[in-house]
Amino acid sequence: MDIPHLAHHLFVLIFLIFLFNTAATQSSNFEDSNEPFRICKYERFAEVQRECSSFLSSTSKLKLEKEKVYYETATELSFVNGDWVQEASGAPLMPFDDSDMPKNFSSPGSLLKLVSFWLMGIDFSRQLENAIYICGYLSIAITRDATLSNRPETWSPLFFKRPGTSELRIPFEGFYMESEENEGERLMCLLGTSIPPFSKGSSDPINWSMPYRSGCSQQSSLSLDDRIMLVLRYPKRYTLTNRTIYGEMRSLNENSNPNYFDRVYMSSQLGYNSKYLFGSEMVSSKAPDLFPDQHELVDNGVKFKGLQFCKAFLKFEGEKFDIVENSRCDGKGENCNNLHPFVLGNGVKAVNGIPPKFRLMMNNLHCVPEDDLNEPETAKASAAFRAFSSPENWLTAGGRTGLSGMTMSAEGTWNSSSGQFCMVGCVGLTNTGSDGCNSRVCLHFPATFSITQRSIISGTISSLQKRDSYSPLLFRKVLHRLDLWNSYYVYSNSYLSYKYSKIEAASILFKRNAFTLGTIMKKSFLKYPSVEDTNNITRVSHLSDELSFGAYALPDPLPNSRPPKTYVWLEVLSLGSLFGRYWPDWSDSYQTADIKLLNNSDSTKQNQFLNVSAYLTLTGESYGHISLLFLEGLYNPLDGKIFFVGCRDAPVFHESIINNPSLENRMDCLIEVKVEYSSRTVRWLINPTAKVSISSQRNDEDPLYFRPIILKTDLIPYRDNSKDIMIRRNFEAVLRILVLSASTACMLSQLLYIQKKANVIPFISLTMFGVQALCFGLPLFTGTAILFKWKEFEGHMNHPYPRKTMWLQVLDCIVKSLLLVAFVLSIRLFQKIRKSRLRLLAKKPLNVNQNPRELPVFLSSWTIHMVGFLTLLIIDNKKSENGVRTRNYYYKPPEWVTDLGEYMGLVQDLFLLPQIIGNIIWKKTQVKPLTEAYYIGFTALRLLIRAYDYVRDPVLRSYYHEKDIKPCSELFSKSEEIVIMAILVVLAITVGLQQRWNFNRGTKVSTSVDLDSTSQELLSS
């Protein structure tokens, strides 16, 4: 073999050895990372064997394989956020600080007692014939509204307490055993070490970080309690009636010992890591065949195959359901004052039927299709339901695993031929076997949506017993727009459709309000959100997004007492032939479902109008009677209006309402809703808003009647406003060019005027042109905004705008050039006036008519502006304190600097003030110092700038949302802007009257000829 081939083989061999060592190292690291029992300290074996001897004597021989113990058994034996209770004998487990809780805080779920246990390791070296030595970590807490933390990574006892939370963490070690008692169970007997919660300094944060290590020379200053026993019992078979984990923790100390505490009882349930065994015999014997109240179902539902049902059913893991009044509740209180079959604790009683403050959550779902060579038609499924109160955080409720009177375990069989899914339900700890399973839970999966049917899933809980029966409990999951975007996009496109039923009623409302002068004007000049091709699914979906909005609103018109803002949320569910949303980037199979939906959907054929179905949600106590409306109507893209027919759940508080024949499916549908959108045409200038009008079609005597409601929303953020930003930038650049060009023309007219009438030059105020020169010069030398600044909302971060195009850069150069010309002309006029005054000083004698003094004019103007600026500064600070005006605290200059920059615009607005003061001081001028083209033209330009600033809204930066913005920081409010514009007009009129009054005097000053000759010499020079 030659040397090159030998070197090649040697290189390959070295590479394989390196690869093998790397894989072995990674495998070793993986094993180390997945064996947390290495952190345990097994040092109480003899003591545990003595204390747990009674359990060891009654257990059977144990056979466990080392490889599968931790990865399977250990995960099954860990549980989180179970419940615990304690005997009330005067020795509590731990203290609790409720200083952060309101005094009258007594709603259910306000105080949670949770417990978690993690199996941390197994010591196979100390395995007995019928037991294995293990270690675990227990976390037990009293908390206001939060679940326990994740699995610990340390082996230390710990106790900490803060307002609203007390938590005790205890490391345990002991034996794992198995017994044939109670139909087979798994058992743990453990001893633990804890920090006594009532000892001095036990909750001191300094002591939290002191780890407990047996045998260490450095011990915590706290005395530890190692006389704690924990016994946990697990069922071997995970079934409907055999799923509960029971636990008991007790102190082995004497009652007189300060570390003694009363017994603590725990409960949880097996979960995802355990294999569920369906009990077909018991379920078949009790499960009903048909859905109760079959006549109330809107359709036959979705006919899933077995596997399809499991995929759809598991989508509802962790879903929340609203509890609604049942149809058998007559409003008199009989069978309407409880939450049966759930048992309310703490003396809580329902009011007016099933209280809306309670909800249901469904989790711990299991589903298995029946065995079939072909596609299975049936499937077995189980679920756990938990009732919780609205004040309780739904995330907290979803994380809890304890079984109580507020929980129900259920199991049943789905049959695709009937489209029915009913389960047998067991309330509580399910320790009474099949005798305790006396409830029936039926779920319905509607295939068709309408104005009175908006539930993606609905259900009932009823009694299987004729004796001790209760009124059925109804619950539903209303499908919202966000659900279509996130959780149920594929589900809705595959199985759901919408059926319009109120289009004719909506068209009557539309015709009643269609022909008005305002509508004709809007159609002629303005454009509103629309789509050209209604067959383009993507564009219809974008229009649906644009018509949906959520914003704060106020009554229109505003009442004298300003009410709190109401949040208005309009969710478009379907538009035209599109139900839900459409994402073009999804796979072809989903697109096929969309096309099928379009072909099967009911869409209007009336010209350009689009069918719309939506939800309208209003927050606030004032609108509790119409907090949720189901809407269906017509949208006219030509004038941006939607006319809806609305339905709401009829409140159950009077027998006459329940028996009202005008109700449809127990809903009040005699409601008119009109939504008006702002125009797209002026969106670059005025931010989009919406106006919502709600009225009842009933007479005043009807108990379901309510007064008309009109709300006007704040800004509605939309998808992308970069195009509108560019339009505004171009418009404002052109506006600056026009204003500066007109300003140059005004100054040129004044310059030509004084060349023809030189005798007026000394009576023109130097301060006035000094202010003009200053206001034109500052943007040139400081780079500040020219004429008016960019108006925008203040965001949390300084996001840049799109880069300026070449066209905008050209416009900016033109603006700066014109600004330079205006600055030079103002300086030229200032120099002419000053030289004219200096030339007059050489003549003797002089009086006030020969040489008007400028110092009194300057001091008077300066004093007025200083007082005005300080006044506005005080007012602005009060606005900031009251929250009327906000400031951007990122890269913010001093407040007075920002305010001074904005006040300079007001100084330029009041450019005629020095001339008016001079005309008053120089009483016998008898000339017209200013030409009408100058002072009227400049006043008109300043009015134009102020009017534009009044009309335009702050810009919302691209892709911003409402939560990212703050109100625009402006020195002057809109009402103050109107006052300023009025002052501008008054100043111009005053100058005109002063010049006409002085010019019409009958006598001439003897020095006018001398002034004229002197001025001519000045001009010629």
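Every chain begins its residue count from 1, and numbering advances along the sequence as written. This being a predicted model, a pLDDT of at least 70 is required before a residue's local features are given, and a value of 80 or more before pairs of side-chain atoms are given or counted; all residues contribute to the totals for chains, interfaces and linings. No hydrogens and no water enter the side-chain calculation; it runs on all heavy atoms of the structure.

So, the pairing of strand β5 (residues 165–179)
Now for step 1: The rule is simple: take the accessible area with a 1.4 Å probe, protein chains only, and divide by the maximum for that residue type; under 20% is buried, over 50% is exposed, in between is partly exposed. Starting at the N terminus, helices and strands are each numbered in turn, a helix being any DSSP run of H or I of at least four residues and a strand any DSSP run of E of at least two. Burial runs high along β5: 15 of the 15 residues are buried.
Now for step 2: Pairing of strand β3 (residues 132–143) with β5 involves twelve bridges; the strand directions are antiparallel. Note that in β5 the partner of Ile134 across the bridge is Gly174.
Now for step 3: In short, DSSP must find at least two bridges between two strands for them to pair. Bridge count for strand β4 (residues 158–162) against β5 is five bridges, and the pairing is antiparallel. Each bridged residue has a counterpart across the sheet, and for Leu158 the counterpart in β5 is Arg169.
Now for step 4: Between β5 and strand β6 (residues 185–194), which pair antiparallel and follow one another directly, the connecting turn spans five residues, one of which, Asn182, has a positive phi of 55 degrees.

A word on the pattern of salt bridges
Now for step 1: For this document, the term salt bridge refers to a Lys or Arg side-chain nitrogen within 4 Å of an Asp or Glu carboxyl oxygen. What the rule picks out here adds up to 33 salt bridges.
Now for step 2: Measuring nitrogen to oxygen at the nearest pair gives 2.5 Å for the salt bridge that ties Arg263 to Glu248. Here Arg263 is found in the loop between β8 (244–251) and β9 (264–269), whereas its partner Glu248 is found in strand β8, with 15 residues between them in sequence.
Now for step 3: By relative accessible area, which is 33% here, Arg263 ends up partly exposed.
Now for step 4: Given the relative accessible area of 24%, Glu248 is considered partly exposed.
Now for step 5: Linking Arg952 and Asp949 is a salt bridge whose minimum nitrogen-to-oxygen distance equals 2.8 Å.

A look at the sheet that holds strand β12 (residues 378–389)
Now for step 1: Read once around its circumference, the closed barrel built from eight strands follows the order β10-β11-β12-β13-β14-β15-β17-β18, with strand pairing classed as antiparallel. Taking the axes of each pair of neighbouring strands and ignoring which way they run, one obtains an average angle of 30 degrees across the sheet.
Now for step 2: Relative to strand β13 (residues 407–415), β12 is paired through nine bridges, and the arrangement is antiparallel. Counted as the bridge partner of Phe385 is Met408 from β13. Convention adopted: a line fitted to C-alpha atoms gives each axis, helices being fitted over their contacting stretch, and angles between N-to-C directions are expressed from 0 to 180 degrees.

Quick word on a nonpolar patch on the surface
Now for step 1: There is a patch of nonpolar side chains on the surface, built from Leu855, Phe858, Leu859, Trp862, Met866 and Leu870 and spanning about 590 Å² of accessible area.
Now for step 2: Assignment of secondary structure puts Leu859 in helix α19 (residues 855–882). For patch building, the residue pool is restricted to those with more than 30% relative accessible area and no salt bridge; the joining distance is 9 Å between like charges and 5 Å between nonpolar side chains (Val, Leu, Ile, Met, Phe, Trp, Tyr). The accessible surface values rely on the Shrake-Rupley method and a 1.4 Å probe; as for residues, cover is taken only from the protein chains in view.

Focus on the environment of Met362
Now for step 1: Position of Met362 relative to the elements: it lies in strand β11 (residues 358–369).
Now for step 2: Judged by its relative accessible area of 0%, Met362 is buried.
Now for step 3: Spatially, the C-alpha atom of Met362 lies 5.6 Å from that of Glu319, the residues being 43 residues apart in sequence.
Now for step 4: Any two residues whose heavy atoms approach within 4.5 Å are treated as being in contact. Met362 has contacts with Phe313, Phe316, Glu317, Gly318, Glu319, Phe321, Ala383, Ala384, Phe385 and Leu443, leaving out every residue within four places of it along the chain.

Brief notes about the nonpolar core
Now for step 1: Take the buried residues of types Ala, Val, Leu, Ile, Met, Phe, Trp, Tyr and Cys, join any two whose side-chain atoms come within 4.5 Å, and each joined set is a nonpolar core. Among the nonpolar cores identified, the biggest contains 66 residues, and Leu912 and Tyr934 are the most heavily contacted of them.
Now for step 2: Put simply, the parts of the chain that give this core at least two residues each are α16 (722–756), α17 (766–782), α18 (806–841), α19, α20 (895–909), α21 (913–921), α22 (932–951) and α23 (974–999).
Now for step 3: Apart from the residues within four sequence positions on either side, Leu912 is in contact with Met768, Leu930, Tyr935, Thr939, Leu987, Ala988 and Val991.
Now for step 4: Judged by nonpolar contacts, the second largest core, of 62 residues, contains Phe316, Tyr470, Ile503 and Leu509.

Quick notes on the side chain of Arg243
Now for step 1: As for its position among the elements, Arg243 is in the loop between β7 (225–235) and β8.
Now for step 2: Only four residue types enter the tally: Lys and Arg on the positive side, Asp and Glu on the negative side; His and the chain ends are excluded. Despite being buried, Arg243 has no salt bridge partner; Glu411 is the closest side chain of opposite charge, sitting 6.1 Å away.
Now for step 3: We define a polar contact as two N or O atoms separated by no more than 3.5 Å, with the added condition that, inside protein, one atom must be a possible hydrogen donor and the other a possible acceptor, whereas residues neighbouring each other in sequence contribute only through side-chain atom pairs. Within the structure, the side chain of Arg243 is placed 3.2 Å from the side chain of Gln269, a separation counted as a polar contact.

Points about the pairing of strand β24 (residues 628–636)
Now for step 1: Within β24, eight of the nine residues are buried, which leaves the element mostly enclosed by the surrounding structure.
Now for step 2: The pairing of β24 with strand β25 (residues 641–649) spans seven bridges and is classified as antiparallel. Its bridge partner lying in β25, Tyr635 is registered against Ile642.
Now for step 3: The antiparallel pairing of β24 with β25 creates a hairpin that spans four residues between the two strands, and Gly640 there sits at a positive phi of about 65 degrees.

Quick notes on the confidence of the model for the protein chain
Now for step 1: On a range of 0 to 100, pLDDT expresses the predictor's confidence in each residue. Across the protein chain, the average pLDDT comes to 79, with 75% of residues at or above 70.
Now for step 2: When mean pLDDT is compared element by element in the protein chain, strand β27 (residues 690–696) scores highest at 95, while helix α14 (residues 588–600) scores lowest at 42.
Now for step 3: A low-confidence stretch, residues 587–606 stays under pLDDT 50, and its non-local contacts, those more than four residues away or across chains, total 32 contacts.
Now for step 4: The low-confidence segment residues 1002–1011 (pLDDT under 50) makes ten contacts with residues lying over four places distant or belonging to another chain.

Looking at the state of the cysteines
Covalent bonding between the sulfur atoms of two cysteines defines a disulfide.
Now for step 1: Any two cysteine sulfur atoms lying within 2.5 Å of each other are counted as a disulfide. On inspection of all chains with the given rule, the structure shows six disulfides.
Now for step 2: Sulfur-sulfur distance for the disulfide between Cys40 and Cys135 comes to 1.8 Å. One disulfide, between Cys40 and Cys135, carries an S-S torsion of 55 degrees and so falls in the right-handed class. With a gap of 95 residues between them, Cys40 in the loop between α1 (3–33) and α2 (45–51) and Cys135 in strand β3 connect regions that are remote in the sequence.
Now for step 3: Judged by relative accessible area, which is 7%, Cys40 ranks as buried.

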